[in-house]
Amino acid sequence: MTPVTRQEVLGLYRKIFRIAKKWQSASGQIEETIKEKEYIKNEARTLFQKNKDVTDPKLIKQCIEECEARIEIGLHYNIPYPRPIHLPPMGLAHKQGRTLRHQEKLRKISKPIYLKSHDEVS
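Here goes a summary of the coordinates provided.

Criteria and thresholds
Residues numbered from 1 in each chain as written. Predicted model: local features only at pLDDT ≥ 70, side-chain atom pairs only at ≥ 80, totals over all residues. Heavy atoms only, no water. Helix = DSSP H or I, 4+ residues; strand = E, 2+ residues; numbered from the N terminus. Expected span 1.5 Å × (residues − 1). Buried < 20%, exposed > 50% of the residue type's maximum accessible area, 1.4 Å probe, protein only. 1 Å grid on protein atoms, 1.4 Å probe; cavity = no way out; pocket = protein on both sides within 12 Å on 5 of 7 lines; lining within 4 Å. Points joined across faces, edges and corners; volume = space filled by probe spheres on them. Nonpolar A, V, L, I, M, F, W, Y, C, P; charged D, E, K, R; others polar.

**Remarks on helix H3 (residues 57-77)**
In step 1: Here H3 is 21 residues long and its end C-alpha atoms lie 30 Å apart, about the 30 Å a rise of 1.5 Å per residue gives.
In step 2: Regarding H3, the residues found buried are Ile60, Ile64, Glu66, Cys67, Ala69, Arg70, Ile71, Ile73 and Gly74.
In step 3: Looking at the residues trailing H3, positive phi occurs at asparagine 78, about 60°.

The following block contains the structure:
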């Protein structure tokens, strides 16, 4: 990891914890706010720990992009949880002779960047 990339990653980590410190839930309830703050902190710790040994520059860039996308979406919609995608069960494959494996491949390709690591951690 280059020093510039390291600083960018550490900056994102600090930014997430600053956001968690100031976070207010959409409902305004204190219990909900505390729960969401803890979720933000735990999710950040888990994902950063999981990816701490990544050395491939392309993979590091993908992780940074995912982090930035999740921050922006969380702030925009005022929810700390990843927004789900809604695809019908067989909505991506053609109905003529396509296998389930091809359907799964299409789903994986169509998954938004902000959900790439969500299934691995949850």
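**Topic: the layout of surface pockets**
In step 1: Put simply, the largest pocket is a space of about 780 Å³.
In step 2: Forming the boundary of the largest pocket are 37 residues, of which Ile16, Ala44, Leu47, Phe48 and Cys67 lie nearest the centre.
In step 3: Counting residues per element, the ones that place at least two in the lining of the largest pocket are helix H1 (3-22), helix H2 (30-50) and H3.
In step 4: Considering every element that reaches the lining of the largest pocket, the biggest residue donor is H3, with 10 residues.
In step 5: Class assignment for the residues of the lining of the largest pocket results in 26 nonpolar, 4 polar and 7 charged.

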